[in-house]
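Breakdown of the fold
Residues per chain, in single letters:
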Amino acid sequence: MTERLVWRRFTAADADDLLTLDGDARVMRFLDRRVKSRADIQAQVLPRLLAFYDRYPGFGCWAAHAHADGGFVGWFSLHPTSPSAAAMVRWADAPPGEIAVASMGYRLRVSAWGRGYATEGARALVRRAFTHLGIQEVVATTMAVNTGSRRVLEKAGLTYDRTVHVDWPDPLPGTEHGEVEYRLSLTDWMSGQAAGERDAPYRKRVQNLRLSLRFSKLRSASVHAAVVTRYRPAASGANAAITTLTNGVTQVSTRAAGAG
Ligand SMILES: CC(C)(COP(=O)(O)OP(=O)(O)OC[C@H]1O[C@@H](n2cnc3c(N)ncnc32)[C@H](O)[C@@H]1OP(=O)(O)O)[C@@H](O)C(=O)NCCC(=O)NCCS
């Protein structure tokens, strides 16, 4: 799904991979004081994670593996959420069928840190949300002191919105600095003012399509065909990304055609 990562759904057989994350205190430093056991993962983490795929088709938590050697890298997630004035960590799930905002997350095993994987995956999440799932805004939150995660969000194009203070029953070190919330709207992503350079070609293409739609009578089916022809890459390595783009352009073009 990305240049260096293959994504897949988790299955009931993935307790060991998840244990390399939730069972490692270094990974959980900004998330939970208590690390999980294999039994915790079997009884709590996996059932919750697997149930999500059915409830919210297209969303969820994907296991990521390195193309190069197939090794488990960690996970990336998109979760439908309902914005409110409360701290983002308290926002409720969006009702299925009324999803406009998605929160993103990632958790990588220690051996995968420092190679740009989180940035690569986070950018793919943003792209998927906007071009495949019809999302209007991508949001994320982390502890203010989680410098690495904040940097990943910025590199994925999200911008800092506010700091909130949450009353946790067993606060982690650094909680006194609060939780920071980040956001990125579809409009900003498309205008190219907020996202990183790697996504610029996608935004430009979607933007060009919207502009051309304003001045044409094309409807989504024919536009879709035109885009497939026009942007099909010469290199087979880019197929996965272009599939997403193609799907996304279909969605965006439908909206644009409707508005026009
Ligand atoms: C935070 C995390 C996702 C970063 O993953 P990663 O693959 O190492 O990140 P990247 O290699 O893409 O680095 C992205 C940027 O963050 C910076 N960064 C990463 N970890 C950092 C850290 N611990 N401290 C400071 N900066 C850090 C990198 O230097 C890079 O910035 P740069 O390009 O300006 O140099 C990873 O450490 C992790 O999974 N941590 C545990 C789980 C977690 O905290 N998840 C987020 C919860 S909200």
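All values derive from a computational prediction rather than experimental measurement. (Residues numbered from 1 in each chain as written. Predicted model: local features only at pLDDT ≥ 70, side-chain atom pairs only at ≥ 80, totals over all residues.)

**Points about the overall build of the chain**
- For the chain, the count of helices and strands is eight helices and eight strands.
- When burial is assessed residue by residue, the chain has 33% of its 260 residues classed as buried.
- Sequence-distant contacts, at least 24 apart, represent 66% of the contacts inside the chain between residues at least 6 apart. (Helix = DSSP H or I, 4+ residues; strand = E, 2+ residues; numbered from the N terminus. Buried ≥ 20, exposed ≤ 12 C-beta atoms within 10 Å, placed from the backbone. Contact = placed C-beta atoms within 7 Å.)

**Comments concerning the site of the ligand**
- The local shell around the ligand holds 23 residues, among which Ala118, Thr119, Thr142, Gly148 and Arg151 are the closest.
- Counting only elements with at least two residues in the shell around the ligand, the list comes to strand E5 (101-108), helix H3 (117-131) and helix H4 (147-155).
- If you tally residues by element for the shell around the ligand, the top one is H4, at six residues.
- Classifying every residue of the shell around the ligand gives nine nonpolar, 10 polar and four charged. (Near = placed C-beta within 6 Å. Nonpolar A, V, L, I, M, F, W, Y, C, P; charged D, E, K, R; others polar.)

**Quick notes on the packing of helix H1 (residues 15-22) against helix H2 (residues 38-55)**
- For the pair H1 and H2, the least separation of the axes is 10 Å and the interaxial angle reads 100°. Taken as axis vectors, H1 and H2 run roughly perpendicular relative to one another. For the pair formed by H1 and H2, the contact residues are Ala15, Leu18, Leu19 and Asp22 on the first element and Arg38, Ile41, Gln42, Val45 and Leu46 on the second.
- Residues of the contact of H1 with H2, tallied by class, amount to six nonpolar, one polar and two charged. (Axes fitted to C-alpha atoms, helices over the stretch in contact; angles between N-to-C directions. Parallel < 35°, antiparallel > 145°, perpendicular 65-115°, else oblique.)

**Regarding the pairing of strand E3 (residues 72-82)**
- Two strands pair when backbone bridges link them, and strand E2 (residues 60-66) and E3 are joined in this way by six bridges, in the antiparallel orientation. Bridge pairing links Gly60 to Leu78 in E3.
- Linking E2 to E3, which pair antiparallel, is a turn of five residues; within it Gly70 sits at a positive phi near 80°.
- Bridging between E3 and E5 involves eight bridges; their strand directions are antiparallel. What sits directly across from Trp75, in E5, is Arg107. (Pairing = 2+ DSSP bridges.)

**Comments concerning the nonpolar core**
- Ranked by size, the top nonpolar core spans 40 residues in total, and within it Ala122, Leu125, Val126, Ala129 and Val138 carry the most contacts.
- The set of elements that each furnish at least two residues to this core consists of E2, E3, E5, H3, strand E6 (137-143), H4, strand E8 (179-185) and helix H5 (186-191).
- With eight residues, H3 is the single largest residue contributor to this core.
- The contacts of Leu125, once residues within four sequence positions are left out, are Phe76, Leu78 and Met104. (Core = buried A, V, L, I, M, F, W, Y, C linked by C-beta atoms within 7 Å.)

**A word on the pairing of E6**
- The element E6 is extensively covered by neighbouring structure, given that seven of its seven residues are classed as buried.
- Chirality of the crossover, the property in question, places the unit of E5, H3 and E6 among those that are right-handed.
- Bridge count for E6 against E8 is seven bridges, and the pairing is antiparallel. Across the sheet, residue Ala140 finds its bridge partner in E8, namely Tyr182. (Right-handed = clockwise from strand over helix to strand, strands pointing away.)

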